[in-house]
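Chains, contacts and geometry: an overview
Below, each chain spelled out in residue letters.
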Amino acid sequence: MSVLNPSIKRPNLFKFTVPMVAAFGAIFGFITGNIYHQPLIGLFAGVIVGALLAMGLDRLAALPRWQKIWGTSAAFAVVGAIFGGVGGIVGGAVVGLSMGWFTTWIGSGRYRAGVPSYYTPGQVLWHNSFLFICAFVFFFLIAPLLPVAWLSFNAEDFFTFTPEMLSFKAEGYSLKHYYDFLGSDEWMVPLKNSLIIAPIATLISVSLGTLAAIGLSQSHVPGRQAIMAVLISPMIVPLIISATGMFFFYAPLGNWLQANLGLNQAFVGYVKVILAHAVLGIPFVIITVTATLVGFDRSLTRAAANMGADPVTTFFRIQMPLILPGVISGGLFAFITSFDEVVVVLFVGSARQQTLPWQMFTGLREQISPTILAAATILVTVSILLLTTVELLRRRSERLRGMSPG
Amino acid sequence: MSDTTQEPMLAADGRPLKQSLARALRRQKLRALMLIAPLLIFVMVTFIIPILSMLFRSVENEIVSNTLPHTVVALQEWDSSTGEAPDENVFRHLYFDLFKASEAKEHTKLGTRLNYERTGLSSVFRTTGRRLDDMGSDFQDPLEDINENFKEGAFWYEMLSGEGGEELLESRRALWARLTGESMAGDIGFTPSPQMADMLPWATRAYTDFAIWTVIDDQDVVAEEDPWEAVYAGLAQDLQSEQTQTEIAAYDGPGAQALKDAVANLDQLPEVNFKAAFIDAKEDWGTTDLWSTMQVFSSNYTTGYFLNAVDLELTPEGVQAKPENQQIYMQLFMRTLWMALVITGACILLGYPVAWLLANLPMRTANTLMILVLLPFWTSLLVRTSAWKVLLQQQGVINDILVWLGFVGDANRLILMNNATGTIIAMTHILLPFMILPLYSVMKTIPPSYLRAAKSLGATNWTAFWRVYFPQSVPGIGAGSILVFILAIGYYITPEIVGGTSGIFISNRIAYHISSSLNWGLAAALGTILLVVVLVLYWAYDKIVGIDNVKLGG
Amino acid sequence: MKLVTKLMTPLAAATAIAALSGAAVADDHMSSDMTIVSWGGAYQDSQIKAYADPYLEMNDGVSITWDESSAEAVAKMRAMNEAGNVTWDLVDVTAASAMRLCDEGLAMEVDHDEILAAAPDGTSASDDFGDLIVSDCFIPQIVYSTTVGYRTDLVPEGTPEPSNICDLFDLATYPGKRSLEKRPINTMEWALLCDGVAKEDVYDVLATEEGQEQALAKLDTIRDEVIWWSAGADTPQLLADGEVFMGSTYNGRLFSAIVEQDQPIGMLWDAQVFDLDGWVIPADLPEERLARVKDFVKFATDTQRLADQAKYISYGPARESSAPLVGKHAELGIEMAPHMPTDPNNAQNTFLYNYEFWADYRDDIDAKFQAWLAQ
């Protein structure tokens, strides 16, 4: 992939581009025709439209690519509007977008952009199919989030696309579920609880887990396998068993803390949930950190020791920076484990420690309401924003440091 | 090396090198253990011990002997093959055991426990529990008619208390403690008289039980309370014995007159026949089925739950298969394993190309695409599952689109959920990031030059991939698979929501027994079996791939 | 590895928020706080509006924490009791659960006349509640029923709307999916009833092996068309989606879908199964907490409060004296009485949940039912 072809030849218009685009058009034509129960007519219409589009856009070779694509999309949308109203516009725009993109992609020869010039057509075809497969998997990953976001604007209290929503009428939509989420203690308190519990639990599992992983990576550890099995066990015991088992342990522990240390009940409640979640996060930290340590060059610590660094300095200055990525990704898994955990907290926690997943769980069970979807949409948006910001900052710092992107 | 035999090699500090090395090794080991210790202790205490104690419930069965201690002993001599219910002796013990249990409200727990093994026992215990007072009142009323003193709590206290009966008191207290699970410690203000314990054994024992319960649980003063009906029943039972009658004739301590009156008017008391009384309360007591179930499950530990968990049952005739219409667990275990396997396979198929793409794209593009992998990860499992419900149901998005496009008739919408398909699709989606991330981190370490080298040496694309690249990515597949498989096997919320009846896992049954049927013993047995399966897989994985090769992103 | 830093950002942000809000955790207002356990959703809302809010207004310094755990109440109370750490003060459960809790000594036995208010005309509480006090531990609140709803717009043309419980089993006249609860209770009774068993014989028949087979055989006839639900919110959602044509659920949920949400749904009252819901007080509460709970319960179950609750949800008040006071819906202003399961028009053919029978046969029949489902 890294071997880019410097000069891409435009393929022959009539031998390649027109048939390809016509075939692509045929697929759309067939599907569209099928809606009106005339698949064959649609197929022929698609072939003709595809061929014409390929030739038409070839004439406009001088125009920038994006203008061709959006132009096609707009043209298709207008046709769609004539036949199918608002839905037709959307459908037409989408079909136009794909047709336009495909035509320019094929027509300009960009489809060979990612492969070395010596590839045979078969290899190019395989390469591009592979990309399509990947695109499909990414779509599969993201697809369920789309209806979530869409339905969160539902004006009704069900998880159902109403006819008003489908015809894009304003009365089918409302922000009431967002008001419900942002404006009520019912949701804000659980959110706050989750944001208290998850980071602290993560901190505990990461610090203890990292130490233990370093210990485990030493060359002579008696009973290494057994210890490893014990530390991994929270991941493999079915959660419902863990939940009840832990309940019986944490309840007397809580009583003891309250009676002997004079801690108040709410605080003890948090402690219990945090400890339970910390244990559940530990296997992830152990697995990731030991994995990073496997490739760790031990001569580095020896070199540091040779130069007079004490073990603590060695750890923080040499070892830690190198295994940090493993530690962080372990921490991420641990955080998600806590942030998305519902079974254990239902047992171990009490109403005051109600977390976001708990609230969602009772919400789903007792009263299905799109407020849950609004909550999810907000969380997803926040994480997109955060992830994008970080990526942008990273690129900026790379640019500042004069590193090439890549 | 030959001269080392004469003079050991010395380390810098003058010690023999061997010794010095051994010491260093020991210190190294110690340091490693010191690093591991905090976490190990933490996990041991906060997880392993609670889990083991939970799993211990799968064999624990002390409830029968704790609730009916004397009955269980008496029942040992009974032979279920005679076809006759046990004799009066067993019923007599049953009465006094059960009376105590019903005062402490433990008898219904026993009923529930035995009901797991034999339908209908729950109501036998509950119904009988309500009749126990009446059974005692049958004796209390005539006794009080014979001598008014029997009405007085203080009279009983004076008659039965004495010195030197600590042994009896403590043994009764121990039985109470076993029954209630509490210590029952404390000053009772009553010690049974050994003389009375000899003369009126049943009444004294019943009164001692009453005294302990009155003081410890109700926090009343013994002498001021009227005794339980069981004490009167005990006295009536004692009075049947000729030896007791002779001893009463010679007795002149407190309450002597009342006892003598009672002996003189013995004909006013109804016949003492606990067996008849129990059968009258609930006729099931006259059947052998009930008693043989009790006998089979009277030991403190049982394999019953485990047998139930594999569709077998423990009967007086030994271990038998359950009736076919009640066999569910083996099928569920098989289905769980099979579906977890399918889900793992689907994750490999979908995850491998994506991980390969991410590992081979320029950093900038890869990072952007990685957001797509991580987004679902940041979305609550519950939300994603409900989203799949919206997508997959018959009036859902996918079916709507297919119908709109004309590929599927409105009448023949596809059934994509409430079956195994739904579970597999939703869980593949949920677990896919757990496959992609480890695969990605392993593939990232495979130098692309290997592939190019293979190709330049004349390998086709396929050969280069299959013979060079793929073997190096196997640890990633292994790590992802074990992670996905183990997580899948224990899931229950997603199957519950989209799985219908044919797409649920064994965990759903475990959850059902924990929170709905309250059969925790069976839940623990099912959980233990599941855990053993996972541990065996984990062990096999460790042997084949090595757990060190597991990588989760990074 | 840079990727990883990116992954961590949400985590870092969360930590910051946690640090900010951490201080809020420390506050302690335990001294006069009650934890009340209920079902969440519209039902809990009706409790809050009808009695919790007025009570809090009258009692300064008291606060209530709601815990929506009634669905797991029995399991959690048993666990709490075993662990010696009962954090709940008052629990809303169904009558069957209350009996179970009472049997196991997990709920406190109460003297209804002592702790509950008498009716305004002086009738004692135990007479006012009458037969609905099915257990010594149980303080009834409402009568609800499990019944069947259907999509009015999916009824085949020219066919009358379903009016009989057996229409549930009549796929020829009313084609379409059904939703039934994923447990034998109610479902098995309906199956027998529609297989020609007389109403009074249903439980005698169900107690026999053949009777259970018979019920399952009847269910076999519609099995391919059934979606099994386990959460109370499922059937209304399935009906709203048009995913099922008919389905069983609680009458209050159907009321909400039909009247409040204006969905094209109708409901049957035929062979509705009455059940009760009410409070239990956990056993062995410390004096101080007990006193507080008793005070609340006395208020929350008096005649007016129970009648008020019916303004918000269509469940019948458990007190006889509340029935005449049932008024109009708080927001819609419609008369609530005709929507109550206990209304004479609705209660022409009813069933009462047989607590005794199901306590005994639940495990056994459930195993068979689950095996049947899994086939």
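It should be emphasised that the depicted structure is a prediction, and the values quoted were computed from it without experimental measurement.

Digging into the overall build of chain A
What chain A contains, in helices and strands, is 16 helices and zero strands. In terms of overall size, chain A is more extended than a compact globule, its C-alpha atoms giving a radius of gyration of 29 Å where 406 residues would be expected to give roughly 22 Å. With the principal axes as the frame, chain A shows a C-alpha extent of 85 × 60 × 40 Å. Split by element, the accessible area of chain A, about 18000 Å² in all, is 71% carbon and sulfur. Between the mean site of the 23 positive side-chain charges and the mean site of the 15 negative ones, chain A shows a separation of 17 Å.

Here's the deal with the UniProt feature "domain: ABC transmembrane type-1" (unreviewed entry) in chain B
Mapped onto the present numbering, the UniProt feature "domain: ABC transmembrane type-1" (unreviewed entry) falls at residues 333-541 of chain B. A helix fraction of 79% and a strand fraction of 0% characterise residues 333-541 of chain B, whose end C-alpha atoms lie 20 Å from each other.

Concerning the packing of aromatic side chains
Summed over all chains, the structure comprises 66 aromatic pairs over all chains. Summarising the aromatic geometry, the rings of W105 of chain A and Y111 of chain A are spaced 6.2 Å apart at their centres and angled 70° between planes, so their arrangement reads as edge-to-face. W105 of chain A gets classed as buried once you look at its relative accessible area, which sits at 13%. Aromatic side chains Y144 of chain C and Y250 of chain C sit 5.6 Å apart centroid to centroid with 90° between the ring planes, which places their arrangement in the edge-to-face category. Placement of the pair is Y144 of chain C in strand β4 (residues 139-151) and Y250 of chain C in strand β7 (residues 246-250), with a sequence separation of 106 residues. Note on Y144 of chain C: relative accessible area 9%, which makes it buried. The residue whose ring lies beneath R205 of chain B is W202 of chain B, and the NZ or CZ to ring-centre distance is 4.8 Å. Of note, R78 of chain C hangs over the ring of W520 of chain B, and the distance from its end group to the ring centre comes to 5.0 Å.

Details of a nonpolar patch on the surface
Where nonpolar side chains cluster on the molecular surface, the patch consists of V86, I89, V90, V94, W150, L166 and F168 of chain A and spans about 590 Å² of accessible area. If you tally residues by element for the nonpolar patch, the top one is helix α3 (residues 65-107) of chain A, at four residues.

As for the interface of chain C and chain B
Between chain C and chain B, the contact holds 46 residues from the first and 47 residues from the second. Taken together, both faces of the contact between chain C and chain B bury some 4100 Å²; the carbon and sulfur share is 48%. Its salt-bridge partner being R126 of chain B, residue D103 of chain C comes within 2.9 Å of it at the nearest N-O pair. When contributions to the side of chain C that touches chain B are tallied by element, the ones reaching two or more residues are α1 (2-25), α3 (73-83), α4 (95-103), α9 (209-220), β6 (226-229), α10 (234-241) and α14 (355-374) of chain C. The dominant element in the side of chain C that touches chain B, judged by the number of residues it contributes, is α14 of chain C, at 14 residues.

Brief notes about unusual backbone geometry
Residue and element names in this part refer to chain B. Look at Q219: it is not a glycine, yet its phi comes out positive at around 55°. By secondary structure assignment, the location of Q219 is in the loop between α10 (201-216) and α11 (229-239). If you check the backbone angles, L518 has positive phi at about 60° while not being a glycine. Look at L518 and you get buried, because its relative accessible area is 1%.

Remarks on the side chain of S102 of chain B
Residues and elements named next belong to chain B. Structurally, the position occupied by S102 is in helix α4 (residues 88-103). A residue is classified by how much of its surface remains accessible, and S102, at 15% relative accessible area, is buried. In contact with S102, not counting residues within four places along its chain, are H107, G129 and L132.

Quick notes on the domain arrangement of chain B
According to the domain assignment, chain B contains domain 1 (2-56), domain 2 (69-296) and domain 3 (329-549). Computed over C-alpha atoms, the centres of domain 1 of chain B and domain 3 of chain B are 40 Å apart.

The rules behind each value
For every chain, the first residue of its written sequence is number 1, and the numbers climb from 1 along that sequence. Ligands are numbered from 1 and chains lettered from A, in the order in which they are written. Given that the model is predicted, a residue must reach a pLDDT of at least 70 before its local features are reported, and side-chain atom pairs must reach 80 or more before they are shown or counted; all residues, however, enter totals for whole chains, interfaces and linings. Based on all heavy atoms of the structure, the side-chain values leave hydrogens and waters out of the count. Comment: elements are numbered from the N terminus, with helices defined as DSSP H or I runs of at least four residues and strands as E runs of at least two. All radius of gyration figures rest on C-alpha atoms, and the globule criterion is 2.2 Å times the number of residues raised to 0.38. Surface exposure here means Shrake-Rupley accessible area, sampled with a 1.4 Å probe, where a residue is shielded only by the protein chains that are shown. Positive residues here are Lys and Arg, negative ones are Asp and Glu, while His and the chain termini are left out of the count. The atoms used to mark charge sites are NZ of Lys, CZ of Arg, CG of Asp and CD of Glu. UniProt positions are given in the numbering used here, feature names are shortened, and annotations may be inferred rather than shown by experiment. Think of it this way: a Phe, Tyr or Trp ring, Trp meaning its six-membered ring, pairs with another when their centres are within 6.5 Å, and the plane angle makes it stacked under 30 degrees, edge-to-face over 60, tilted otherwise. Here's how the labels work: a residue is buried when its accessible area is under 20% of the maximum for its type, exposed when over 50%, partly exposed in between, all with a 1.4 Å probe on protein chains only. A ring is considered to have a charge above it if a Lys NZ or an Arg CZ atom is located within 6 Å of its centre and within 35 degrees of its normal. Surface patches are drawn from residues lacking salt bridges whose relative accessible area is over 30%; two like charges belong together within 9 Å, two nonpolar side chains (Val, Leu, Ile, Met, Phe, Trp, Tyr) within 5 Å. By definition, a salt bridge exists where a carboxyl oxygen of Asp or Glu is found within 4 Å of a side-chain nitrogen of Lys or Arg. Any two residues whose heavy atoms approach within 4.5 Å at even a single point are treated as in contact. The term buried area denotes the loss of accessible surface (1.4 Å probe radius) that occurs when two parts are joined, taken as the sum for both partners. A domain assignment, automatic or from a database, supplies the domain bounds used here.

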